[in-house]
Amino acid sequence: LKKTYGGAVRNRVNTHELYVSQRKGKNVEEKKKIAKKAFELIEEGDFIFLDISTINIELIKLIVEANLNVTVATNMIDVMLGFTASLDTNLIFVGGKLNRGRDGFIGSYTNKQIGEFSFDKAFMGVVGVDIKRNKVYTYTTDDALTKKVIMENSEKCYMLMESTKFAREGNYRYSSIDEFEGIILDEEPSEEVQKHLSDKKVTVL
C-alpha cells in the first residue's frame, strides 16, 4: 500500500514476467475458471482468434474436448499444440517471426496475415489494466501491435485476466478498456472497478 490523504491505496506493480514460461503453472485454477466462462461465449460456426495468453491454453483444451465445430486462428504455439487428430474444430496457425519469450509469432509479417481475416470473436491476453487511466497493457511493442491488428479485425473482443491484474502494470499500452466487448475474470471485481467498467459499457463476466 501507499499512504494517501484520508487513507491508503494499493500500489500498482510491474512483475516483468515477460516470458510465457514464467507464467505457466501459476494461478491455474483461476485460469481454468476464466477459460470455462470464455468457452460459454463460443457458438457453433464461430471464427475465433486466440491471442498469446496462458489462459488460452486452458481454453483450447475445452474446445478440443468438446470437438466444437468452429475455426480457431492463433499465433501461439501452445494453442496449436493443443490440437489432436480427427477434430471437427479447424485450426489456422499464423506464422511469421518467432518470439521465443512470447511462445508465438508477432511482428509485421504476422500482422499482415492476421489483417486478411475477419473474426467473430477474439480472446485477448492482458498483462495489466489501469481502470482510472483507461489503459490495457502488454510488455513489448511488437506484441502490442499484433494485438491491435487482431482487435481491429474482430467483431467482438474479450479480455481474459485474473482480477489481480487490475493492480498490475505493463510496459506498453495496446488498447483502451472501452474497445472491448467484455472482460472475463476469475472473481467478481470490487464496486469501484465495476463502476469504472460500467461507465465504459464493458460487460463483466
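Before any of the text, the structure's been laid out above.
The rules behind these values
Residues numbered from 1 in each chain as written. Predicted model: local features only at pLDDT ≥ 70, side-chain atom pairs only at ≥ 80, totals over all residues. Heavy atoms only, no water. Pairing = 2+ DSSP bridges. Helix = DSSP H or I, 4+ residues; strand = E, 2+ residues; numbered from the N terminus. Contact = heavy atoms within 4.5 Å. Axes fitted to C-alpha atoms, helices over the stretch in contact; angles between N-to-C directions. Phe/Tyr/Trp six-rings, centres within 6.5 Å; stacked < 30°, edge-to-face > 60°. Buried < 20%, exposed > 50% of the residue type's maximum accessible area, 1.4 Å probe, protein only. Lys NZ or Arg CZ within 6 Å of the ring centre and 35° of its normal. Core = buried A, V, L, I, M, F, W, Y, C linked by side-chain atoms within 4.5 Å. Polar contact = N/O pair within 3.5 Å; in protein donor to acceptor, adjacent residues only side chain to side chain.

**Q** Account for the sheet that holds strand S8 (residues 119-125), naming residues and giving values.
**A** Strand order across the open sheet formed by 7 strands is S5-S4-S3-S8-S11-S13-S14, with parallel pairing between neighbours. Lying at the two open borders of the sheet, with one neighbouring strand each, are strand S5 (90-93) and strand S14 (203-204). Taken together, the 4 bridges between strand S3 (residues 47-50) and strand S4 (residues 71-74) define a ladder with parallel strand orientation. Within S4, the position partnered with Leu-50 by the bridge is Thr-74. Sheet contacts for helix H2 (residues 28-39): S8, strand S11 (154-160) and strand S13 (182-184); angle to S13, the most-contacted strand, approximately 140 degrees.

**Q** Which residues make up the packing of aromatic side chains, and what are the values?
**A** A complete count under the given rule lists 7 aromatic pairs for this structure. Measuring from centroid to centroid gives 5.7 Å for Phe-47 and Phe-117, while their planes differ by 85 degrees, and the two rings are edge-to-face. Here Phe-47 is found in strand S3, whereas its partner Phe-117 is found in the loop between helix H5 (108-114) and S8, with 70 residues between them in sequence. Measuring from centroid to centroid gives 5.6 Å for Phe-93 and Phe-105, while their planes differ by 85 degrees, and the two rings are edge-to-face. Note that Phe-93 is positioned in strand S5 and Phe-105 in strand S7 (residues 104-106), a separation of 12 residues in sequence. A relative accessible area of 27% places Phe-93 in the partly exposed class. An aromatic cluster of at least three residues, connected via ring pairs, comprises Phe-47, Phe-49, Phe-117 and Phe-119. The ring centre of Tyr-174 lies 5.4 Å from the NZ or CZ of Lys-147, which sits over that ring.

**Q** With reference to specific residues and values, describe the nonpolar core.
**A** Counting residues in each nonpolar core, the largest one holds 28 residues, and the members touching the most others are Val-129, Met-159 and Phe-166. In terms of residues, this core owes the most to one element, helix H6 (residues 141-152), which gives 4 residues. One finds Ile-34, Ile-55, Ile-60 and Val-72 within the second-largest nonpolar core, a separate group that totals 24 residues.

**Q** Which residues make up unusual backbone geometry, and what are the values?
**A** With a phi close to 50 degrees, Asn-67 is a non-glycine residue in the positive phi region. Tracing the chain through its elements places Asn-67 in the loop between helix H3 (54-66) and S4. In this model, Lys-201 sits at a positive phi of 60 degrees, which is unusual for a non-glycine residue. Along the chain, Lys-201 turns up in the loop between helix H7 (191-199) and S14. Relative accessible area serves as the criterion here: at 72%, Lys-201 is assigned to the exposed category.

**Q** Could you give an account of the environment of Arg-173, with specific residues and numbers?
**A** Mapped onto the secondary structure, Arg-173 falls in strand S12 (residues 172-175). Under the relative-accessibility criterion, Arg-173 is labelled partly exposed at 32%. In this structure the C-alpha to C-alpha distance between Arg-173 and Asp-130, which are 43 residues apart in sequence, comes to 9.9 Å. Excluding residues that lie within four positions of it along the chain, Arg-173 makes contacts with Asn-134, Lys-135, Val-136, Tyr-137, Lys-148 and Glu-179. One polar contact links Arg-173 to Ser-176, side chain to side chain, over a distance of 2.6 Å.

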